[in-house]
Amino acid sequence: MKNLYCFIGPSGVGKDAIVSGLERQYGYKQLKSYTTRPKRNDDDIGHIFISKEEFGKMSDDVFFNDFKGFAAYSYFDGNYYFATVDQIQDNDLYIVDQKGFDELKKKELPKKLKLFYLCASEMTRNRRMIHRGDSIEQVRQRIEYDKKMFDHDRLSKEADKIFLNERRSIEEGITFFHQCIENYERGD
């Protein structure tokens, strides 16, 4: 594929569910960023989970000096999240935050970037995070973090596509984004 489709949105908007569905139903490959955070549950497969010691070893590697090998990098809630430039070539979809996307735009990458912005009300997001097993305190922290980290106005202007995921089914999201990807790959 000629593009890397970046899915951005605050916690609880359905990014993981939609991207997982696109992988399952259409064979797209998700770029799974590395993280030092523990798995939320046994079904948490959206990342490559490593220890902070492993992260330290990777950071000390010559390839990673001054973060040159990182395509995107962020630090949240005491944990590192990152992807390497090499991962971009072999993948189609990437769930990334706004800071990570801004870093990607500065890099010379093997693919063009397309920004898909997902949004939902705070009430909907709260409900989804509780349903997936986050504690009330974790939800509160994520909502506060997202208020600082996501510029809705800017993302709305920069996004190639916006998906308001309030009362829509995951299937609707999967179908919507698959059609978008097909159009972009054809050059429409």
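Worth saying up front: this structure is predicted, and the values here are computed from it rather than measured. (Residues numbered from 1 in each chain as written. Predicted model: local features only at pLDDT ≥ 70, side-chain atom pairs only at ≥ 80, totals over all residues. Heavy atoms only, no water.)

Topic: the overall build of the protein
Of regular secondary structure, the protein possesses 8 helices and 9 strands. The C-alpha radius of gyration computed for the protein amounts to 16 Å, which stays within 12% of the reference 16 Å derived for 188 residues, consistent with globular compactness. Counting only residues that meet the buried cut, the protein has 47% of its 188 residues in that class. At a minimum sequence separation of 6, the contacts of the protein that also span at least 24 residues come to 68%. Accessible surface for the protein amounts to roughly 10,100 Å². Of this, 49% is attributable to carbon and sulfur atoms. Of the charged side chains in the protein, 32 are positive and 33 negative; the average position of the first set lies 3 Å away from that of the second. (Helix = DSSP H or I, 4+ residues; strand = E, 2+ residues; numbered from the N terminus. Rg over C-alpha atoms; globule rule 2.2 N^0.38 Å. Buried < 20%, exposed > 50% of the residue type's maximum accessible area, 1.4 Å probe, protein only. Contact = heavy atoms within 4.5 Å. Areas by Shrake-Rupley, 256 points an atom, 1.4 Å probe, with all protein chains shown as cover. Lys, Arg positive; Asp, Glu negative; His and termini not counted. Charge placed at Lys NZ, Arg CZ, Asp CG, Glu CD.)

A short note on the pattern of salt bridges
One pass over the full model with this rule turns up 12 salt bridges. Put simply, lysine 99 and glutamate 103 hold a salt bridge, and the shortest N to O gap is 3.5 Å. With lysine 99 and glutamate 103 both in helix 4 (residues 98-106) and 4 residues apart, this pair spans about one turn of that helix. Judged by relative accessible area, lysine 99 falls into the partly exposed class, the value being 35%. Salt bridges sharing common partners tie together Asp102, Lys105, Arg154 and Glu158. (Salt bridge = Lys/Arg side-chain N within 4 Å of Asp/Glu carboxyl O.)

Considerations on the side chain of glutamine 98
Checked against the element boundaries, glutamine 98 lands in helix 4. The class of glutamine 98 is buried, set by a relative accessible area of 4%. Polar contacts involving the side chain of glutamine 98 include one to the main-chain amide nitrogen of aspartate 151, which spans 2.7 Å. With near-sequence residues (within four places) excluded, glutamine 98 lies in contact with Ile8, Met149, Phe150, Asp151, Arg154 and Leu155. (Polar contact = N/O pair within 3.5 Å; in protein donor to acceptor, adjacent residues only side chain to side chain.)

Quick notes on the environment of alanine 159
Looking at the secondary structure, you find alanine 159 in the loop between helix 7 (152-158) and strand 9 (161-164). When the C-alpha atoms of alanine 159 and isoleucine 8 are compared, they prove to be 9.2 Å apart, with 151 residues separating the residues in sequence. Dropping the residues within four chain positions of it, alanine 159 is found in contact with Leu115 and Tyr117.

Considering the sheet that holds strand 5 (residues 70-76)
Strand order in the open sheet formed by 4 strands is 4-3-6-5, with mixed pairing between adjacent strands. Among the strands making up the open sheet, the edge pair consists of strand 4 (47-49) and strand 5. Going from strand to strand, the sheet's axes swing by 25° on average, the running direction of each strand aside. Strand direction decides the pairing type here: strand 5 and strand 6 (residues 79-84), joined by 6 bridges, are antiparallel. Directly across from alanine 72, in strand 6, lies its bridge partner alanine 83. (Pairing = 2+ DSSP bridges. Axes fitted to C-alpha atoms, helices over the stretch in contact; angles between N-to-C directions.)

Quick notes on the packing of aromatic side chains
Scanning the entire structure with this criterion turns up 14 aromatic pairs. The rings of Tyr5, Phe7, Phe116, Phe163, Phe176, Phe177 and Tyr184 are connected pair by pair, giving a single aromatic cluster. (Phe/Tyr/Trp six-rings, centres within 6.5 Å; stacked < 30°, edge-to-face > 60°.)

Quick word on the pairing of strand 8 (residues 112-119)
Counting buried positions along strand 8 yields 6 of 8 residues, so the element is predominantly enclosed. Here 4 bridges tie strand 8 to strand 9, and the two strands are oriented parallel to one another. In the sheet register, cysteine 119 faces strand 9, and the bridge partner there is leucine 164.

Considering the packing of helix 1 (residues 15-26) against helix 8 (residues 170-186)
Viewed as axis vectors pointing N to C, helix 1 and helix 8 meet at an angle of 65°, and their least axial separation amounts to 9 Å. The angle between the axes of helix 1 and helix 8 places the two elements in the roughly perpendicular class. Here helix 1 runs over helix 8; the crossing is right-handed. Between helix 1, through Ala17, Ile18, Gly21, Leu22, Gln25 and Tyr26, and helix 8, the contact on the second element is made entirely by Ile170, Glu171, Gly173, Ile174, Phe177, His178 and Ile181. Grouping the constituent residues of the contact of helix 1 with helix 8 by class yields 8 nonpolar, 4 polar and 1 charged. (Parallel < 35°, antiparallel > 145°, perpendicular 65-115°, else oblique. Left-handed = near helix turned anticlockwise from the far one by under 90°. Nonpolar A, V, L, I, M, F, W, Y, C, P; charged D, E, K, R; others polar.)

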